[in-house]
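These are the residues of each chain, in order.
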Amino acid sequence: MYLKHQKKDTEGKVPIYVQVTIDGDEDSFSLSRKLFPHEWSQGKQKCIGKSQEALLINTKITKTKGDLTAVFDRIAVQEIVKAKQLIKLYHGQDPDKEQVIKKDICYHQKKPFNH
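Residues numbered from 1 in each chain as written. Predicted model: local features only at pLDDT ≥ 70, side-chain atom pairs only at ≥ 80, totals over all residues. Heavy atoms only, no water.

(A) Up close: the packing of aromatic side chains. Under the definition given, this model contains two aromatic pairs. Residues tyrosine 2 and tyrosine 17 carry aromatic rings whose centres are separated by 5.9 Å and whose planes lie at 35° to one another, so their mutual orientation is tilted. Taken together, the residues tyrosine 2 in strand S1 (residues 2–3) and tyrosine 17 in strand S2 (residues 14–22) connect sequence positions 15 residues apart. Take tyrosine 2: its relative accessible area is 22%, and that puts it in the partly exposed class. A ring pair is formed by phenylalanine 29 and tyrosine 90, whose centres lie 5.4 Å apart and whose planes are at 35°; its orientation type is tilted. With phenylalanine 29 in strand S3 (residues 25–35) and tyrosine 90 in helix H2 (residues 83–90), the pair connects residues that are 61 residues apart, well separated along the chain. Relative accessible area serves as the criterion here: at 8%, phenylalanine 29 is assigned to the buried category. Over the ring of tyrosine 17 we find lysine 4; its NZ or CZ atom is 4.5 Å from the centre of that ring. (Phe/Tyr/Trp six-rings, centres within 6.5 Å; stacked < 30°, edge-to-face > 60°. Helix = DSSP H or I, 4+ residues; strand = E, 2+ residues; numbered from the N terminus. Buried < 20%, exposed > 50% of the residue type's maximum accessible area, 1.4 Å probe, protein only. Lys NZ or Arg CZ within 6 Å of the ring centre and 35° of its normal.)

(B) Spotlight on unusual backbone geometry. Positive phi, normally seen in glycine, also occurs at aspartate 23, with a value near 45°. By secondary structure assignment, the location of aspartate 23 is in the loop between S2 and S3. Given the relative accessible area of 85%, aspartate 23 is considered exposed. Although it is not a glycine, serine 32 adopts a positive phi angle of roughly 65°. The residue serine 32 is located in strand S3 in this model.

(C) Spotlight on the sheet that holds S1. The three strands lie next to each other as S1-S2-S3, forming an open sheet whose pairing is antiparallel. Of all the strands in the sheet, just S1 and S3 have a single pairing partner and so form its edges. In this structure, S2 lies alongside S3, joined through eight bridges in antiparallel fashion. Note on S3: the bridge partner recorded for threonine 21 is glutamate 26. Of the strands in this sheet, S2 and S3 touch helix H1 (residues 52–74), which is tilted by about 155° from S3. The strands touched by H2 are S2 and S3; relative to S3, the strand with the most contacts, the crossing angle is about 40°. (Pairing = 2+ DSSP bridges. Contact = heavy atoms within 4.5 Å. Axes fitted to C-alpha atoms, helices over the stretch in contact; angles between N-to-C directions.)

Following this line, the structure appears as C-alpha cells:
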C-alpha cells in the first residue's frame, strides 16, 4: 500500500494504491480511498488514528490483502500469473478480456458501511 501524491485532490487528500508484485512483475490499482498524507504511516501501511474513517480504511486494507491472497491461492501451482492478471481476477474480470471494474458500493453509499 502506498499514497499516490501525484493525484492529490483540491482538498489535499491523496489516494491509497495497492502495489501487487509477483516474481518481480509489478502493477497497482487504487483502493478507492483518499486521506490526508499526515494520516498515513508508510511503515505500517495503514491509517494513523482512531476515527471511524481511519478504522474503515484500515479494515478495507486488511480485507484487500486477504482477498488478493485468496485469489492468488486459487490459481493452479503450475500456472504463471502476472500482477495485472491477479488484479483483474481480484476485480472479477476475465484477465484475457477488457471489462469495466466493479465499483465498491459500500464506499459510494451516502451512509457509512458497518461490519
